[in-house]
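Residue-level structure breakdown
Residue-level listing of the chains:
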2 protein chains.
Amino acid sequence: MESLETLLSVLRQNHLKITPQRRLILEILVDDASHPTVDQVYQQVITVMPNVSRTTVYNTLHELVALGVLIEVQDMGAGGGRYDTNASQHHHLLCTHCHTLLDIERDFPELELTPVEACGYRIARHQVTFYGVCPCCQQALASQEESI
Amino acid sequence: MESLETLLSVLRQNHLKITPQRRLILEILVDDASHPTVDQVYQQVITVMPNVSRTTVYNTLHELVALGVLIEVQDMGAGGGRYDTNASQHHHLLCTHCHTLLDIERDFPELELTPVEACGYRIARHQVTFYGVCPCCQQALASQEESI
DNA sequence: ATTCTACTTAGTAATTATTATAAACTGGGG
DNA sequence: CCCCAGTTTATAATAATTACTAAGTAGAAT
Ligand SMILES: [Mn+2]
Ligand SMILES: [Mn+2]
Ligand SMILES: [Zn+2]
Ligand SMILES: [Zn+2]
């Protein structure tokens, strides 16, 4: 994600007030590349400002998405959507067991649909998700099988 | 999706009773390649059997997913997850405006992560989603701009 | 610095999606 | 035809998100 200063200036440019709550949420987001859920952001928020409401977290995340500096990603299985603080074009590697989600920064420019495949759609971008099992979960699954 | 007969035999092989409710849901699924939501399946169900409960639809869809003949897909923006009656490996083309989701049956075998990119994950598969605007929505958006 | 106001927040309620529970029902083997 | 494990339904509970509104405040204007 961009630096805190960049994000603050985006807010200013869009005439959004820089409240302590918004500032805290931005600070948390720039430090968290784990694709957190709304609730994970909220839990971090209330360790610092215990009175912030969930509504404020929802509002702020939605505003950042509307401004294009935050992306919503879907994750099979986990509760609720997750937010991606890396708004640049990139791809993902998901552990199907614990849902840890890593960024893959490489580009895959060779992915192009033929006109007949595209069916008249005007294609803007593509996104690849690799599914697998992370090293931690491989170990956990292996020792689980042993104990059977 | 497989034929109705194939699905019925999968149920039989797994000692699941073929009830009128399940049969109807299967009939609906084999005819619907639109990646419907739970509610869209339910709405079709109750036009034929008005007393079927949502729980039965949820249960049946989950059972089919467990049997591997139905896939859950995530769709940014639309309400709830969607079900994919095409359980084979394939990719998707999503209209970011109306969320129409088309299957792309081509394979992309060249998509491989290097060991360093894979970070120790044991990778099982990958899935590509192309994002764009479908012809209908292109027209709608164009005429909308005209009227401004 | 003080005032003012439109924007923001917190708290609560409402909505929506999904899962849990348990009593009544039934497909299909025997 | 009987029977019972599996299934369905209705209802309640849980979870995720959105709506609403009175109270609070950031930042511009004075
Ligand atoms: Mn990412
Ligand atoms: Mn599909
Ligand atoms: Zn894992
Ligand atoms: Zn469309």
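Values in this document were obtained by computation on a predicted structure and should not be read as measured data.

**Quick look at a negative patch on the surface**
The grouping of Asp107 and Glu110 of chain A together with Asp107 and Glu110 of chain B at the surface amounts to a negative patch. Inspection of the secondary structure puts Glu110 of chain B in the loop between strand 4 (101-104) and helix 5 (115-118).

**Structural notes on the coordination of the manganese ion (ligand 1)**
All names here are of chain A. Around the manganese ion (ligand 1), the donor atoms from the protein are His35 (NE2), Asp84 (OD), His90 (NE2), His92 (NE2) and Asp103 (OD), and they sit 2.1 to 2.2 Å away. For the manganese ion (ligand 1), all donor residues lie on one chain, and their spacing in sequence is H-x48-D-x5-H-x1-H-x10-D. On the accessibility criterion, Asp84 (2% relative accessible area) is buried. Since its relative accessible area comes to 4%, His92 is described here as buried.

**Some thoughts on the protein's contact with DNA strand C**
Around DNA strand C there are 18 residues in total, and Thr19, Arg22 and Thr56 of chain A together with Tyr58 and His62 of chain B lie nearest to it. A share of 73% is what sugar and phosphate atoms reach among the atoms of DNA strand C within 4 Å of the protein. In the environment of DNA strand C, a phosphate oxygen lies 2.6 Å from a nitrogen or oxygen atom belonging to the side chain of Thr19 of chain A. For DNA strand C, a phosphate oxygen lies 2.6 Å from a polar atom in the side chain of Tyr58 of chain B. Counted by class, the surface near DNA strand C contains 5 nonpolar, 10 polar and 3 charged residues.

**Regarding the domain arrangement of chain A**
Residues and elements named next belong to chain A. For chain A, the assigned domains read domain 1 (1-87) and domain 2 (89-148). Domain 1 and domain 2 are separated by 24 Å when their C-alpha centres are compared. The interface is formed by 10 residues belonging to domain 1 together with 10 residues belonging to domain 2. Around 750 Å² of area is buried between domain 1 and domain 2 when both sides are counted, 48% of it from carbon and sulfur atoms.

Analysis parameters
Residues numbered from 1 in each chain as written. Chains lettered and ligands numbered in written order. Predicted model: local features only at pLDDT ≥ 70, side-chain atom pairs only at ≥ 80, totals over all residues. Heavy atoms only, no water. Patch = residues over 30% accessible without salt bridge, like charges linked within 9 Å, V, L, I, M, F, W, Y side chains within 5 Å. Areas by Shrake-Rupley, 256 points an atom, 1.4 Å probe, with all protein chains shown as cover. Salt bridge = Lys/Arg side-chain N within 4 Å of Asp/Glu carboxyl O. Lys, Arg positive; Asp, Glu negative; His and termini not counted. Charge placed at Lys NZ, Arg CZ, Asp CG, Glu CD. Helix = DSSP H or I, 4+ residues; strand = E, 2+ residues; numbered from the N terminus. Donors = N, O, S within 2.8 Å, 3.2 Å for Na, K, Ca; no water. Buried < 20%, exposed > 50% of the residue type's maximum accessible area, 1.4 Å probe, protein only. Near = heavy atom within 4 Å. Polar contact = N/O pair within 3.5 Å; in protein donor to acceptor, adjacent residues only side chain to side chain. Nonpolar A, V, L, I, M, F, W, Y, C, P; charged D, E, K, R; others polar. Domains from an automatic or database assignment. Contact = heavy atoms within 4.5 Å. Buried area = accessible area lost by both parts, 1.4 Å probe.

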